[in-house]
Amino acid sequence: MLKLAPDQKAQLAAALDCAQQTPALAAEIDRIYADFEAERATQSPRCDQSGKCCRFEAYGHRLFVTTIELAVFHERAKPTAPVVDWDGTGCPYQRGGLCSVHMARPFGCRVYFCDPTADAWQQAQYERFHAAIRELHVRYDVPYWYVEWREGLSVVGVSPSAGPNAGPKPSRSLPVL
Ligand code: SF4
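Description of the structure in this document. Positions within a chain are numbered from 1, following the residues in the order the chain's sequence is written. In keeping with the model being predicted, local features are shown solely for residues with a pLDDT of at least 70 and side-chain atom pairs are shown and tallied solely at 80 or more, while totals for entire chains, interfaces and linings include all residues. To get the side-chain values, take all heavy atoms of the structure and skip hydrogens and water.

Quick look at the layout of surface pockets
Moving on, step 1. We place a 1 Å grid over just the protein atoms. Points where a 1.4 Å probe fits but has no way out form a cavity, open points with protein on both sides within 12 Å along at least 5 of 7 lines form a pocket, and any residue with an atom within 4 Å of a point lines it. Grid points are joined across faces, edges and corners, and a volume is the space filled by probe spheres set on the points. The calculated volume of the largest pocket comes to roughly 530 Å³.
Moving on, step 2. Around the largest pocket sit 27 residues that line it, and Cys-53, Cys-54, Cys-99, Arg-105 and Cys-109 are the ones nearest its centre.
Moving on, step 3. At the level of secondary structure, the elements contributing two or more residues to the lining of the largest pocket comprise β3 (98–99) and α5 (107–111). Segments assigned H or I by DSSP are reported as helices when at least four residues long, segments assigned E as strands when at least two residues long, and all are numbered from the N terminus.

In structure tokens form, the structure reads like this:
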């Protein structure tokens with residue numbers, strides 16, 4: 001969903017807390033990402049537009065993320081890639097046209113390529129690996145959410161107001177894994 005109502009944000013926050021209390025999830029997500037990357041490597045897709053797809057409004061594109069991915073991502077990115085000077089558009093982790101959280105980026109970033117030759121395999125791989133991520137939520141009893149990236153980040157405290165020039169920082173942060 002693109003926009004979360006206040007009660008939905010509260011429910012997502014509770015789901016993230018639930019994920020944070022299960023340390024095994026980080027390794028589970030890494031295994032799914034590694035399996036996907038191994039298959040993607042056999043396709044050798046090109047990145048033709050060098051980071052334009054991360055400027056969502058300009059590119060007409062949106063990124064979505066699951067509960068477990070967001071929980072794992074946040075704990076990894078929080079100490080290494082603080083968000084500064086973000087105007088609220090595009091991805092807050094893009095710096096100088098590059099991804100500042102490349103190793104931790106979610107599945108949606110990994111699977112999307114603008115290379116037209118990717119059309120033949122992209123959808124099938126998306127569906128299969130997304131299903132594996134969704135199954136993790138069932139297996140570990142973590143409520144499943146699939147939310148727009150910036151809406152999800154706002155729940156863990158990353159928002160335009162997180163920048164040093166844009167007012168007070170949100171107070172919420174998740175417990176450490
Ligand atoms: S996390 Fe990285 S790859 Fe994904 S949208 Fe943001 S800058 Fe782009």
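Past the structure itself, the notes keep going.
Looking at empty space enclosed by the protein
Moving on, step 1. For the coordinates displayed, the defined rule picks out 2 cavities of 30 Å³ or more.
Moving on, step 2. Put simply, the largest cavity is a space of about 40 Å³.
Moving on, step 3. Forming the walls of the largest cavity are Ile-29, Tyr-33, Glu-69, Val-72, Phe-73, Arg-76, Ala-104, Arg-105 and Pro-106.
Moving on, step 4. Contributions of two or more residues to the lining of the largest cavity are made by α2 (24–41) and α4 (67–80).
Moving on, step 5. For the lining of the largest cavity, the element with the most residues is α4, which contributes 4 residues.
Moving on, step 6. We call Asp, Glu, Lys and Arg charged. Ala, Val, Leu, Ile, Met, Phe, Trp, Tyr, Cys and Pro are nonpolar, and the rest, Gly among them, are polar. In terms of residue class, the lining of the largest cavity is made up of 6 nonpolar, no polar and 3 charged.
Moving on, step 7. Forming the boundary of the second largest cavity are Phe-64, Glu-69, Phe-107, Gly-108, Tyr-126, His-130 and Tyr-146.
Moving on, step 8. Breaking the lining of the second largest cavity down by element, the ones donating at least two residues are α5 and α6 (119–139).

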